[in-house]
Each structure stands twice: as C-alpha cells, then as structure tokens.
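# Inside the fold
The primary structure of each chain is shown beneath.
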Amino acid sequence: TQSLGGHGEVTVVRLVNSKETTMRQRLFLLAAIVLTFGASWSRAEDMAADAVAIRKVDAEMVAALNARDVDRWLTFFASDAKMLPPCAPAVVGKEAIRKMIAEYLAPPSFAVAHHLESVVVSKGGDLAYVSYSYALGKPVTETGKDISLYRKESNGSWKLIIDMWSENQPASDPSCARPDGRAA
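Residues numbered from 1 in each chain as written. Predicted model: local features only at pLDDT ≥ 70, side-chain atom pairs only at ≥ 80, totals over all residues. Heavy atoms only, no water.

In this section: unusual backbone geometry. Across the junction of lysine 138 and proline 139, the peptide omega takes the value -5°, indicating a cis bond. Here proline 139 is to be found in the loop between strand E6 (127–136) and strand E7 (142–152). At arginine 68, a position not held by glycine, the phi torsion is positive, near 60°. Relative to the helices and strands, arginine 68 is located in the loop between helix H1 (18–66) and helix H2 (70–74). (Helix = DSSP H or I, 4+ residues; strand = E, 2+ residues; numbered from the N terminus.)

This paragraph deals with the sheet that holds E6. Judged by pairing direction, the sheet is mixed, and its six strands sit side by side in the order E4-E3-E8-E7-E6-E5 without closing on themselves. The open sheet has two free edges, formed respectively by strand E4 (91–92) and strand E5 (112–121), since each of these has just one partner strand. Sheet topology places strand E3 (residues 77–84) next to E4; two bridges connect them, and they run antiparallel. Residue methionine 83 lies in a different strand from E4, and its bridge partner there is valine 91. Contacts from helix H3 (residues 94–105) reach E3, E4 and strand E8 (158–167), with the element oriented near 50° to E3. (Pairing = 2+ DSSP bridges. Contact = heavy atoms within 4.5 Å. Axes fitted to C-alpha atoms, helices over the stretch in contact; angles between N-to-C directions.)

On the surface, Val120, Tyr129, Ile147 and Met164 cluster together into a nonpolar patch covering about 330 Å² of accessible area. Position of methionine 164 relative to the elements: it lies in strand E8. (Patch = residues over 30% accessible without salt bridge, like charges linked within 9 Å, V, L, I, M, F, W, Y side chains within 5 Å. Areas by Shrake-Rupley, 256 points an atom, 1.4 Å probe, with all protein chains shown as cover. Salt bridge = Lys/Arg side-chain N within 4 Å of Asp/Glu carboxyl O.)

What follows covers the nonpolar core. Of all hydrophobic cores here, the largest spans 33 residues; its most connected members are Ile54, Met61, Trp73, Phe77, Met83, Ile97 and Tyr150. When contributions to this core are tallied by element, the ones reaching two or more residues are H1, H2, E3, H3, E5, E6 and E8. (Core = buried A, V, L, I, M, F, W, Y, C linked by side-chain atoms within 4.5 Å. Buried < 20%, exposed > 50% of the residue type's maximum accessible area, 1.4 Å probe, protein only.)

Summed over all chains, the structure comprises seven salt bridges. Notably, a salt bridge pairs arginine 98 with aspartate 71, separated by 2.7 Å at the nearest N-O pair. Of this pair, arginine 98 sits in helix H3 while aspartate 71 sits in helix H2, placing them 27 residues apart in sequence. Exposure remark for arginine 98: the relative accessible area of 28% places this residue in the partly exposed category. The partner of aspartate 80 in a salt bridge is arginine 151, and the shortest N-O contact between them spans 3.3 Å. Of the two residues, aspartate 80 is situated in strand E3 and arginine 151 in strand E7; the sequence distance between them amounts to 71 residues. A relative accessible area of 43% means that aspartate 80 is categorised as partly exposed. For arginine 151, a relative accessible area of 27% gives the class partly exposed. One continuous salt-bridge network, built from bridges that share partners, spans Lys56, Glu60 and Arg72.

These results come straight from atomic positions and should not be treated as a statement about function.
Quick look at the structure:
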C-alpha cells in the first residue's frame, strides 16, 4: 500500500509470476492481431459489397437507356459528371449530357449492352472505376470499350462522375484522325 500524500492510499499489485506476465502478453498480442485482421476483413467485405452495388447501378443504367428513360438514366450521374466521347470535346453537367444522349437515342435501332470486365473500389471506399466492353445498335453497329469513374455519395449511393469510351473499329470521321494523318 502506498500513500497518495493526504489523498488516500493505493494498493499496488506487482506481477511476480513470469508465466502470468507472458500469458497476458500473448493474449494482448492475439487481441491486437484479431482486431487488425478483423478490420481488414471488414473492409474487404465492404469493397465487395460496393462492387456489387456498382454492378447493379450499371445494369440499371443500361436498362434505363434501353427503355429510353433519360430522366431515370441521369439519376445515376453526379451533377458535375463529365462524358468524354471519342473525337469530341468533353460534355459536362447533366443538362449537357441530356442533350448528347438525345442524339444517341434518336435512331429507332438504338440499343446498348455492357459486358463488365472489372469493378475496382478504392481502399478508401469513396471512388471506384469500372471497365467494360459495349455493343450499340440492333443489329450491332458499333462495339468498343469504356472506363467509368464512380464516386460514393454521403448517402451511400454511387454516382458516375466520368465516362470515357472509344470504338473498336477505326472511325471513318476525318476529324478523328491521329496527328500523323491515320484514322483513329
């Protein structure tokens, strides 16, 4: 027992048994390992759930386009979204994107299909990118590849912030030529 200088007394217990000390150290180390790996496993589960959510968003976007429901399709975009079409300037903001998609939807043969190749969620869990191949038209008149960047919003939803794609076939539009004069 030790005096606290007029503030009472404290009983100090010293561990003298080295087996008890070693056992406590081992238990502490085991607890630290479990907590560390538990957090890693939890984040991996979160990333997997985010990837599933993004795949669902993509499927709903494709369904909205094929239904020609532009309003529904645009709900999956951030207000500051940017589309980067091939051989054209960037299209920024939902209203500009609405005008651009109207041109794509004009032909009665419009249809789109996606084949997702990968969904990669950042370690921080707030950004993800999706790469996929696509086919446009019925019958198919264009195939290509795309990469899209998504941001997780404060409400937990995923919104498309950047979409960039290109055709697999060389474009016949001369404005899409490479600097060396060859077709893109």
